[in-house]
6 protein chains.
Amino acid sequence: MPYVNIKITREGATAEQKAALIKGVTDLLATVLDKNPATTFVVIDEVAREDSGIGGLPVEEYRRKIKAQT
Amino acid sequence: MPYVNIKITREGATAEQKAALIKGVTDLLATVLDKNPATTFVVIDEVAREDSGIGGLPVEEYRRKIKAQT
Amino acid sequence: MPYVNIKITREGATAEQKAALIKGVTDLLATVLDKNPATTFVVIDEVAREDSGIGGLPVEEYRRKIKAQT
Amino acid sequence: MPYVNIKITREGATAEQKAALIKGVTDLLATVLDKNPATTFVVIDEVAREDSGIGGLPVEEYRRKIKAQT
Amino acid sequence: MPYVNIKITREGATAEQKAALIKGVTDLLATVLDKNPATTFVVIDEVAREDSGIGGLPVEEYRRKIKAQT
Amino acid sequence: MPYVNIKITREGATAEQKAALIKGVTDLLATVLDKNPATTFVVIDEVAREDSGIGGLPVEEYRRKIKAQT
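Keep in mind that what you see is a predicted model, and the values were worked out from it rather than measured. (Residues numbered from 1 in each chain as written. Chains lettered and ligands numbered in written order. Predicted model: local features only at pLDDT ≥ 70, side-chain atom pairs only at ≥ 80, totals over all residues. Heavy atoms only, no water.)

Quick look at the pattern of salt bridges
- Counted according to the given criterion, the structure contains 54 salt bridges over all chains.
- For Glu50(C), the salt bridge identified is with Lys18(D), shortest N-O distance 2.6 Å. Pair noted here: Glu50(C) is in the loop between β2 (41-47) and β3 (52-54) and Lys18(D) is in helix α1 (residues 15-33), and the two residues belong to different chains.
- We classify Glu50(C) as partly exposed; its relative accessible area is 34%.
- Arg49(D) is the salt-bridge partner of Glu60(D), the closest N and O atoms lying 2.9 Å from each other. Pair noted here: Glu60(D) is in helix α2 (residues 59-69) and Arg49(D) is in the loop between β2 (41-47) and β3 (52-54), with a separation of 11 residues, a long-range link.
- Each of Glu11(A), Arg49(A), Glu60(A), Arg63(A) and Lys35(D) takes part in salt bridges that share partners, so that together they form one network. (Salt bridge = Lys/Arg side-chain N within 4 Å of Asp/Glu carboxyl O. Helix = DSSP H or I, 4+ residues; strand = E, 2+ residues; numbered from the N terminus. Buried < 20%, exposed > 50% of the residue type's maximum accessible area, 1.4 Å probe, protein only.)

Remarks on the interface of chain B and chain A
- Tallying the contact residues gives 16 residues for chain B and 12 residues for chain A.
- Taken together, both faces of the contact between chain B and chain A bury some 1100 Å²; the carbon and sulfur share is 55%.
- Together, Lys18(B), Ile22(B) and Val43(B) form the three largest contributors to the area buried by chain B at its contact with chain A, with a combined 35%.
- Summed over the shared surface of chain B and chain A, the result is 2 salt bridges. (Contact = heavy atoms within 4.5 Å. Buried area = accessible area lost by both parts, 1.4 Å probe.)

A word on the pairing of β2(D)
- Within β2(D), 7 of the 7 residues are buried, which leaves the element mostly enclosed by the surrounding structure.
- Going residue by residue along β2(D), you find Phe41(D), Val43(D), Asp45(D) and Val47(D) tucked away on one face and Val42(D), Ile44(D) and Glu46(D) tucked away on the opposite face as well.
- Bridging between β3(C) and β2(D) involves 3 bridges; their strand directions are antiparallel. What sits directly across from Ser52(C), in β2(D), is Val43(D).
- Inspection of the sheet shows strand β1 (residues 3-9) of chain D paired to β2(D) by 7 bridges, in the parallel sense. Residue pairing in the sheet places Ile6(D) in a bridge with Ile44(D) of β2(D). (Pairing = 2+ DSSP bridges.)

Brief notes about the sheet that holds strand β2 (residues 41-47) of chain F
- Taken in spatial order, the 8 strands line up as β4(B)-β3(B)-β2(F)-β1(F)-β1(E)-β2(E)-β3(D)-β4(D) in an open sheet, and their pairing is mixed. Because the sheet does not close on itself, it has two edges, and the strands there are β4 (57-58) of chain B together with β4 (57-58) of chain D.
- The strands that helix α1 (residues 15-33) of chain E touches are β3 and β4 of chain D, β1 (3-9) and β2 (41-47) of chain E together with β1 (3-9) of chain F; relative to β2(E), the one it contacts most, it runs at about 135°. (Axes fitted to C-alpha atoms, helices over the stretch in contact; angles between N-to-C directions.)

A look at the interface of chain D and chain A
- Taken together, the 25 residues of chain D in the interface contact 25 residues of chain A.
- Buried area between chain D and chain A, summed over both chains or domains, comes out near 2200 Å², and the portion from carbon and sulfur atoms is 77%.
- Here chain D and chain A share 2 salt bridges between them.
- The interface formed by chain D and chain A contains 9 residue pairs in polar contact (both at pLDDT 80 or more).
- Looking at the side of chain D that touches chain A element by element, the count peaks at 9 residues for α1(D).
- Among the residues making up the side of chain D that touches chain A, the classes are represented as 16 nonpolar, 6 polar and 3 charged.
- Note: strand β1 (residues 3-9) of chain A against β1(D), 5 bridges, orientation antiparallel. Within β1(D), the position partnered with Tyr3(A) by the bridge is Lys7(D). (Polar contact = N/O pair within 3.5 Å; in protein donor to acceptor, adjacent residues only side chain to side chain. Nonpolar A, V, L, I, M, F, W, Y, C, P; charged D, E, K, R; others polar.)

Brief notes about the confidence of the model for chain A
- Of all residues in chain A, 100% attain a pLDDT of 70 or more, and the chain-wide mean is 95.
- The ipTM value of the predicted complex is 0.95, and its pTM value is 0.95. (pLDDT = per-residue confidence, 0-100.)

Some words on the packing of α1(E) against helix α1 (residues 15-33) of chain F
- The geometry of α1(E) relative to α1(F) is characterised by a closest axis approach of 10 Å and an angle of 160° between their N-to-C directions. What the angle tells us is that α1(E) and α1(F) run roughly antiparallel. Crossing handedness for the pair α1(E) and α1(F): right-handed. Residues Gln17(E), Ala20(E), Leu21(E), Gly24(E), Val25(E), Leu28(E), Leu29(E), Val32(E) and Leu33(E) of α1(E) touch α1(F), and the partners they reach there are Gln17(F), Ala20(F), Leu21(F), Gly24(F), Val25(F), Leu28(F), Leu29(F), Val32(F) and Leu33(F). (Parallel < 35°, antiparallel > 145°, perpendicular 65-115°, else oblique. Left-handed = near helix turned anticlockwise from the far one by under 90°.)

Quick look at the structure:
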């Protein structure tokens, strides 16, 4: 512990960006709560767009709708 | 919030069926608990059959066993 | 399978409302994907308000901010 | 999306510290992946010490053992 | 990694039983997949009975129904 | 219930090894807590190496670093 799970839609995050997330959140826990990086675990899940939703819609459809409103 | 995670075995659910799950569960939370759809997130995970188990057996084997008993 | 996890902020959901969520999401999976209710598991997590955030803010602060804007 | 779940052992994290985690991880996702804070959800779970383990031991026992070795 | 999350209904599991789960699942991963216990994390969640369901019913109601049938 | 989620890095675990994990953890819950195998669910997630981290580093880099130190 700590254990951090980050779920993002799959849109081409690179290995470098994922490494930056892992480092960033581990540093955050060390800074804010003095948590030991050696026992801080991070798992990133990339979720296909059709597999995630918000506002009752698949994420892509939701984005189109929001865009159309603005 | 709310956040809903639905895990199903991977057996060919279509994008339309997934959209129906996203809409259905978002509506359910609005109806039962008056939760705001705009901040209701849904993530669907399709799990390979060999990666899920019940009754101490991988899911497919479990189904075969149940079928054989009936 | 399926397994459904519903996370909501803790704001007094009753046992009846929780039962309605369990029934509703189980029915939804049976209707949309023909999933067997006998092997559909649901877990509801009530999350303390200070433990959930959106828009970079704890949920309550976020709501106040949104309200102030409208 | 994104959705972030942070699990820490329960050891007196304050509401301010939790707010700092929520802000920090939301900023991180905006900086690294240009994710929209308005749709970034964070859930913090505090886990009782007897409910988490590492190295095959409950977390407290594990800490004692590591300390004794050093 | 590995990370293991065990969810059980809250029915009085003792600290000793939880320690046995932590040890057992860590040993299992070492035996089956040669995973390093030093980086094997386990989190146990006890779920209130009204917060978990199966067969479209809260868990307790489900048990009563099954019992009545047999 | 119970529900068990096992996350491991993706490194070629076979279907037989996964079946052994499913059986092992189901037996463990039956032995320690007298949990019914018929309602014990297991989900295994294999996580790509770049998607998991420890010590602030992606898992592979972390292993290289540990190896270099010993």
